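The lines below spell out each chain.
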Amino acid sequence: MEVYISHELSSDGKTYIRNKMIEYNLHHFPADLRGKYEEMHLFAKNKEGQIFGGMVGEICWNWLEVQYLFVDEEHRRLGYGKELMTQAETIAREKNCDFIKLDTLSFQALDFYLKLGFEVFGTILNAGGHKHYYLKKDLS
């Protein structure tokens, strides 16, 4: 068999690799956590239905992983980011998650997350000239 490595963007390929990784991981988690995976999308919208912020993440076994949290600049510091994270935490608790994890860069929202009760558990220096923080908040 001839094998080669291809460098391409492929939705089908990405889905295949993600699903195979989830399938593999299922064999290493307790039965009550197997199959516990769902995407979570929360959006802040105006009365016309236009999105100006949101949180994208996934519940994976016993945690919520926040992948993206964003609020348009003109809507920042008005409580929308906090409300998005509060709603995400409520859903995570309802889904019996034990913790939330996320990452942020030094020019993004470290202080915001610390005020919400997150703790830094890892840092990478010189991530594009910035610090890259990994944070966790226990829910139990």
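Let me begin by describing the structure that accompanies this report. Every value quoted in this text rests on a predicted model; they were computed, and no experiment measured them. Positions within a chain are numbered from 1, following the residues in the order the chain's sequence is written. Whole-chain, interface and lining totals are the exception, using all residues; otherwise, since this is a predicted model, local features are given only for residues with pLDDT of at least 70 and side-chain atom pairs are given and counted only at 80 or more. Side-chain calculation: all heavy atoms of the structure are included, whereas hydrogens and water are not.

**Digging into the sheet that holds strand β2 (residues 51-60)**
Strand-to-strand pairing in sheets goes through backbone hydrogen bonds, with the strands running parallel or antiparallel. For clarity, the threshold we go by: Each pair of strands is called paired provided DSSP finds at least two bridges between the two strands. A helix here means a DSSP run of H or I that spans at least four residues, while a strand means a run of E at least two residues long, and both kinds are numbered starting from the N terminus. Only C-alpha atoms enter the line fits that serve as axes; for helices the fit covers just the stretch in contact. Angles between N-to-C directions range over 0 to 180 degrees.
What the 6 strands build is an open sheet, ordered β1-β2-β3-β4-β6-β5; its pairing is mixed. Two strands close off the open sheet at either side, each with one partner strand: β1 (37-45) and β5 (119-127). With strand direction ignored, the average angle separating the axes of adjacent strands in the sheet is 20°. With 3 bridges connecting them, strand β3 (residues 63-71) and strand β4 (residues 99-105) associate as parallel partners. Of the residues in β4, the one forming a bridge with L64 is I100.

**Comments concerning unusual backbone geometry**
The cut-off we apply is this: For every residue, the accessible area obtained with a 1.4 Å probe (protein chains only) is divided by the maximum for its type, and the residue is called buried under 20%, exposed over 50%, and partly exposed between those limits.
The backbone of R77 sits at a positive phi, close to 65°, despite the residue not being glycine. In this structure, R77 sits in the loop between β3 and α2 (80-94). Classification of R77 as exposed rests on a relative accessible area of 86%. Not every positive phi belongs to a glycine, and N96 is a case in point at roughly 60°. With respect to the helices, strands and loops of the structure, N96 is situated in the loop between α2 and β4. For N96, a relative accessible area of 60% corresponds to the exposed category.

Spatial relationships are all this shows, so hold off on functional conclusions.
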